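# Descriptive structure summary
Spelled out, the chains give:
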Amino acid sequence: MADQPKPLTRSEREAILKDKSGLVIVIMALFLAVTTYFSNSFSGAVLKNTLKATDTYAFYQSKSIKQAIAEGQRDDYVARGDKAKAEKLEEKIARYESDPNSGEGKKELLAKAQGFEKARDDASKHSPWLTFAAMVFQLAIVLLSASILAVSNKMYKASFVVGLIGIILLSQGIWLWF
């Protein structure tokens, strides 16, 4: 009769599980840190582009106001018959509308502001995925911790499934695969 291996005691199983879980907790925490890094990066891009769009729209508004004032002055000079001053203001009004040399005409400013809004919108698409990924990595860490306390290999293995879901969400949050 061959000797059957003696079953491990709870303390021995707990020690083995602690060793395995400790390493996996560190790996999950690393993924959580990467998720947080990317989340902060995209959040910063959203904020930066929102501010740039707001500033550009404000500049657009100031150009519109200056253009309206110049148009009023031009109309006044036309009514008085001062064509030289009216023509000079007409050139200025045209530059307010579009100034490709400086890039500060209303047309160019509107295009810039819309570009900033698009960049903001593109960056904001990443946020939900990264938020979900962070939540899932935290859940995986909780499962790993609970597996140590309960000395449960099922919880330990379940944390891998949850961690894999977190990795998928993280990759979606970074690259927007679908």
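Scroll up a little and you will see the structure.
Reference entry: report on the structure contained in this document. (Residues numbered from 1 in each chain as written. Predicted model: local features only at pLDDT ≥ 70, side-chain atom pairs only at ≥ 80, totals over all residues. Heavy atoms only, no water.)

## Some thoughts on a nonpolar patch on the surface
Applicable threshold: Patch definition: residues with relative accessible area over 30% and no salt bridge; like charges joined within 9 Å; nonpolar side chains (Val, Leu, Ile, Met, Phe, Trp, Tyr) joined within 5 Å. In short, Shrake-Rupley with a 1.4 Å probe defines the accessible areas, and a residue's cover is counted only from the protein chains shown. Definition used for salt bridges: Asp or Glu carboxyl oxygen within 4 Å of a side-chain nitrogen of Lys or Arg. To qualify as a helix, a DSSP run of H or I must reach at least 4 residues; to qualify as a strand, a run of E must reach at least 2; elements of each kind are numbered from the N terminus. Each residue is placed in one exposure class: buried if its accessible area under a 1.4 Å probe, protein chains only, is under 20% of its type's maximum, exposed if it is over 50%, and partly exposed if it falls in between.
Residues Leu164, Ile167 and Ile168 make up a contiguous nonpolar surface patch of roughly 260 Å² in combined accessible area. Note that Ile168 resides in helix 5 (residues 153-175). With relative accessibility at 46%, the residue Ile168 sits in the partly exposed group.

## What to know about the packing of aromatic side chains
As a reminder, the rule being used: What counts as a ring pair is set by centres within 6.5 Å for rings of Phe, Tyr and Trp (its six-membered ring), and what kind of pair is set by the plane angle: stacked under 30 degrees, edge-to-face over 60, tilted for all other angles.
For the structure on display, the rule yields 5 aromatic pairs. Ring plane angle 10° and centroid distance 5.5 Å describe the contact between Phe31 and Phe137, whose orientation is recorded as stacked. You can see Phe31 sitting in helix 1 (residues 10-80) and its partner Phe137 sitting in helix 4 (residues 127-150), a full 106 residues away along the chain. Ring geometry for Tyr156 versus Phe160: centroids 5.1 Å apart, planes at 80°, classification edge-to-face. Of the two residues, Tyr156 and Phe160 both sit in helix 5, 4 residues apart, roughly one turn of that helix.

## Things to note about unusual backbone geometry
Positioned with a positive phi, Val151 is a non-glycine residue whose angle comes to about 50°. Of note, Val151 is situated in the loop between helix 4 and helix 5. Assessed through its relative accessible area of 14%, Val151 is described here as buried.

## Some points on the nonpolar core
Spelled out, the test is: We define a nonpolar core as any set of buried Ala, Val, Leu, Ile, Met, Phe, Trp, Tyr and Cys residues linked to one another through side-chain atoms lying within 4.5 Å. Contacts: residue pairs with any heavy atoms within 4.5 Å of one another.
Met28, Phe137 and Leu170 are the most contacted members of the largest nonpolar core, which has 20 residues in total. When residues of this core are traced back to their parent elements, those giving at least two are helix 1, helix 4 and helix 5. If you tally residues by element for this core, the top one is helix 4, at 9 residues. Phe137 has contacts with Met28, Phe31, Leu32, Thr35, Gly163, Gly166, Ile167 and Leu170, leaving out every residue within four places of it along the chain.

## Quick look at the environment of Ala86
Topologically, Ala86 is positioned in helix 2 (residues 83-97). For Ala86, a relative accessible area of 8% puts it in the buried group. For Ala86 and Ser62, which are 24 residues apart along the polypeptide, the C-alpha to C-alpha distance reads 21 Å. Apart from the residues within four sequence positions on either side, Ala86 is in contact with Arg74, Tyr77 and Val78.

## Some words on the packing of helix 1 against helix 5
The line we're drawing: Helix axes are fitted only over the stretch in contact, all axes being lines through C-alpha atoms; the angle between N-to-C directions runs from 0 to 180 degrees. Note on angle classes: values under 35 degrees are labelled roughly parallel, values over 145 roughly antiparallel, values of 65 to 115 roughly perpendicular, and the remainder oblique. By the definition used in this description, the sense in which the near helix is turned from the far one sets the handedness, with an anticlockwise turn below a right angle giving left-handed and a clockwise turn giving right-handed. Ten residue types, Ala, Val, Leu, Ile, Met, Phe, Trp, Tyr, Cys and Pro, are classed as nonpolar, four, Asp, Glu, Lys and Arg, as charged, and the remainder, Gly among them, as polar.
Two elements in contact, helix 1 and helix 5, have axes separated by 11 Å at closest approach and are oriented at 20°. Comparing the axis directions of helix 1 and helix 5 gives the class roughly parallel. The crossing of helix 1 and helix 5 is left-handed. On helix 5, the residues touching Leu17, Lys20, Ser21, Val24, Met28, Phe31, Val34, Thr35, Phe38 and Phe42 of helix 1 are Asn153, Tyr156, Ser159, Phe160, Gly163, Ile167, Leu170, Gly173 and Ile174. Of the residues in the contact of helix 1 with helix 5, the class split is 12 nonpolar, 6 polar and 1 charged.

## Here's the deal with a positive patch on the surface
Our working rule: Charge counting follows a simple rule: Lys and Arg are positive, Asp and Glu are negative, and His as well as the terminal groups are ignored. To locate a charge, take NZ of a lysine, CZ of an arginine, CG of an aspartate or CD of a glutamate.
Together, Lys66, Lys85, Lys88, Lys92 and Arg95 give the surface a local cluster of positive charge. The greatest single-element share of the positive patch, amounting to 4 residues, is contributed by helix 2. You can see Lys66 is positioned in helix 1. Overall, the relative accessible area of 44% leaves Lys66 in the partly exposed class.

## A few points about the pattern of salt bridges
Pairing of side chains with opposite charge becomes possible as their charged atoms draw close. According to the stated counting rule, one finds 8 salt bridges in the structure shown. Here Arg74 ties to Asp75 by a salt bridge, and the two come within 3.1 Å at their closest N and O atoms. Residue class for Arg74 comes out buried when judged on its relative accessible area of 18%. The class for Asp75 is partly exposed, based on a relative accessible area of 44%. Note that Asp121 is salt-bridged to Arg120, the shortest N-O span being 3.1 Å. Exposure remark for Asp121: the relative accessible area of 34% places this residue in the partly exposed category. When its relative accessible area of 23% is taken as the criterion, Arg120 is described as partly exposed. Through salt bridges that share partners, Arg74, Asp75 and Glu90 make up one connected network.

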